[in-house]
Structure formats: C-alpha cells, structure tokens
Amino acid sequence: MTSLFVSHGAPTFALEPGLAGPALTRLGQQLPRPAAVLVVSPHWMTPEVRVGLAETPATIHDFNGFEPALYELEYPAPGHPAFARKALSLLEKAGWKPVADAQRGLDHGAWVPLRHLYPDASVPVFQVSLPDWLDSHSAWRLGQTLAPLEKEGVLIVGSGSLTHNLYEVRWRDEQASEYARDFSHWIREAAIAGDHERLVNALTLAPHARRAHPTVEHFLPLLVALGAADSNARATVIEGGIEHGVLSMDSFVF
C-alpha cells in the first residue's frame, strides 16, 4: 500500500465536496482496496499514543455551530481490532508505550475525508491518536513505526490540513490568500521532488509557515504519512484548491 495525506478542511467538507471530494472519490477507486485504513488525526490528541480497538466505532460529531444536517451524518465503517492490536505491538516494540482504547469512535478528521474516499463505508477503519507533545521529527518517526502495517494491506492516512489558520477563515470569500498559495506551493514542490528532509523541516523553512500553521497539529499528520512512506517516495498531488480563503485542500499520495 501507499500512504496518504488528506486535507480535511472544515467539517462542512462532508456536505460541500468542492474540488477535493470528487478527487478523493476517484483516488479511492484507483488505489488497491485496503484491508483496513489507519487514520492519524489532529482531532484525537492525547498525552500518550492511543490506539482505537472498537469493533463498531461511533461517528463522533466533534464540532459546534454548524448546520443540523452535519450532526445527522453517520459513517458506519467497521473497526479492525486485529490490525489495531498489531499497531499496538509495533508501537510497544518501538518504545512508544501505547494505550488501547476500546471505546473511541471516529472523529471528523477521520470520517469526513473517508466519506469521500470510501463513500460506502465498507473498508474497516481504526485510529491512532496524535500525541500532544509531538514535533515534526517525532511525527515522522511515528509514521515510520506504523509503516510495516502497509505490507499487510493497511492504508496509513494522515488527516490534517495543508494550511490551517482558523483566525483568517473567510466563509463567504473564496479568493485564495497569497500566503496560503505560497506555502502550499512550497510544500507541493518538496513533496513532488521527494525531498523528505525539506518537508520534515518545513515549519522552519517554508514561506509563511507560522501564518499557515499558527499551531502545528494539522501539519504533523502529513509528516506521519511521510514517515510511513518509502524513504525515496515522491508524492502525487490530489488537487483540492483553497477553500474559505485560507484552507488549502490539497492531498498527497506517497
């Protein structure tokens, strides 16, 4: 399997697919069908790494203030406790001290993009949390730790946002901000070139990095996906455009 970074944008992406939704659906049809999907999302952050073992994970509506239709959506994909336990074993052997969580459902960083990638919710899904102390290098190492699961048919997905400055979101203005375009272009060039070192150091090297990511949690899943990829992997870009002025919706297949 490949690894994948998806930009999940705002929760409204579930109902407003824009450019990215149909592109993810096409990607899901083109990729080999995975045995399961492992998602790392910034909407499950914990002091220690946790692994979801639920057999039937609930759809978590972990957002407020949106239209009622969003709260009625369900993504009834089954879990995959067997692969989740294998993830626990890999993390334990690598010294992460993981914790099993049999109750956790799927947060919107998981089910919103998967609703486009696999609309029929037939592929099993489980999540690994994003430890709240991670930096760029440890996020990359987390992906490396989980990478052996790909040999068993698990698709590793880092779900975040290529840019994520909620202070500057303009809900009714689709004109892309120049800084969001510049940052996204820099990341795309590095990903296409397979320049992993540049990507791992992007938050210090890329133009407007701190404006594009005032906090880092929506960028780190890209580095998890990168770490899960082959060391020479180059990215294919899944075009998503820029939503609400500042949210780049591009995704990468490694």
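Residue indices begin from 1 for each chain and proceed along its sequence in written order. pLDDT decides what is reported in this predicted model: residues at 70 or higher carry local features, side-chain atom pairs at 80 or more are listed and counted, and totals for whole chains, interfaces and linings draw on all residues regardless. Think of the side-chain values as coming from all heavy atoms in the structure, minus any hydrogens and water.

**Observations regarding the sheet that holds strand 1 (residues 3-7)**
Reasoning step 1: Ordered in space as 6-2-8-1-12-9, the 6 strands form an open sheet in which the pairing is mixed. Sheet topology places strand 6 (125-127) and strand 9 (236-238) at the edges, where each strand pairs with a single neighbour. Strand-to-strand twist across the sheet, computed as the mean angle between neighbouring axes with direction ignored, equals 25°.
Reasoning step 2: At least two DSSP bridges between two strands are required for those strands to pair. A run of H or I in DSSP becomes a helix once it reaches four residues, and a run of E becomes a strand once it reaches two; helices and strands are each numbered from the N terminus. Bridging between strand 2 (residues 36-40) and strand 6 involves 3 bridges; their strand directions are parallel. Looking at the pairing, V39 lines up with Q127 of strand 6. An axis is simply a line fitted to the C-alpha atoms; with a helix, the fit covers only the stretch in contact. Between two such axes, the angle follows the N-to-C directions and lies from 0 to 180 degrees.

**Focus on the pairing of strand 1**
Reasoning step 1: Buried means the residue's accessible area, taken with a 1.4 Å probe over protein chains only, is under 20% of the maximum for its type, while exposed means over 50%, and partly exposed covers the values in between. Among the 5 residues of strand 1, 5 are classified as buried, and the element is accordingly described as predominantly covered.
Reasoning step 2: Burial along strand 1 is two-sided: S3, F5 and S7 and L4 and V6, pointing in opposite directions, are all buried.
Reasoning step 3: With 5 bridges joining them, strand 1 and strand 8 (residues 154-160) adopt parallel strand pairing. In the sheet register, F5 faces strand 8, and the bridge partner there is G158.
Reasoning step 4: Bridging between strand 1 and strand 12 (residues 251-253) involves 2 bridges; their strand directions are antiparallel. Paired with L4 across the strands is V253, a residue of strand 12.

**What to know about the packing of helix 5 (residues 136-146) against helix 10 (residues 220-228)**
Reasoning step 1: Packing of helix 5 against helix 10 brings their axes to within 6 Å, and their N-to-C directions diverge by 45°. Taken together, helix 5 and helix 10 sit at an angle that is classed as oblique. Pair helix 5 / helix 10 crosses with right-handed handedness. For the pair helix 5 and helix 10, contact is made by S136, A139, W140, L142, G143 and Q144 and by L220, L223, V224, L226, G227 and A228, respectively.
Reasoning step 2: Taken together, the residues that form the contact of helix 5 with helix 10 break down as 8 nonpolar, 4 polar and no charged. An angle counts as roughly parallel when it lies under 35 degrees, as roughly antiparallel when it exceeds 145, as roughly perpendicular when it falls between 65 and 115, and as oblique in every other case. Note on convention: near helix rotated counterclockwise from far helix by under a right angle means a left-handed crossing. Clockwise means right-handed. Residues count as neighbours in contact if any of their non-hydrogen atoms are within 4.5 Å of one another. Note that Gly is not counted as nonpolar here; it falls among the polar residues with everything else outside the nonpolar set of Ala, Val, Leu, Ile, Met, Phe, Trp, Tyr, Cys and Pro and the charged set of Asp, Glu, Lys and Arg.

Remember that the coordinates give geometry; whether it matters functionally is a separate question.
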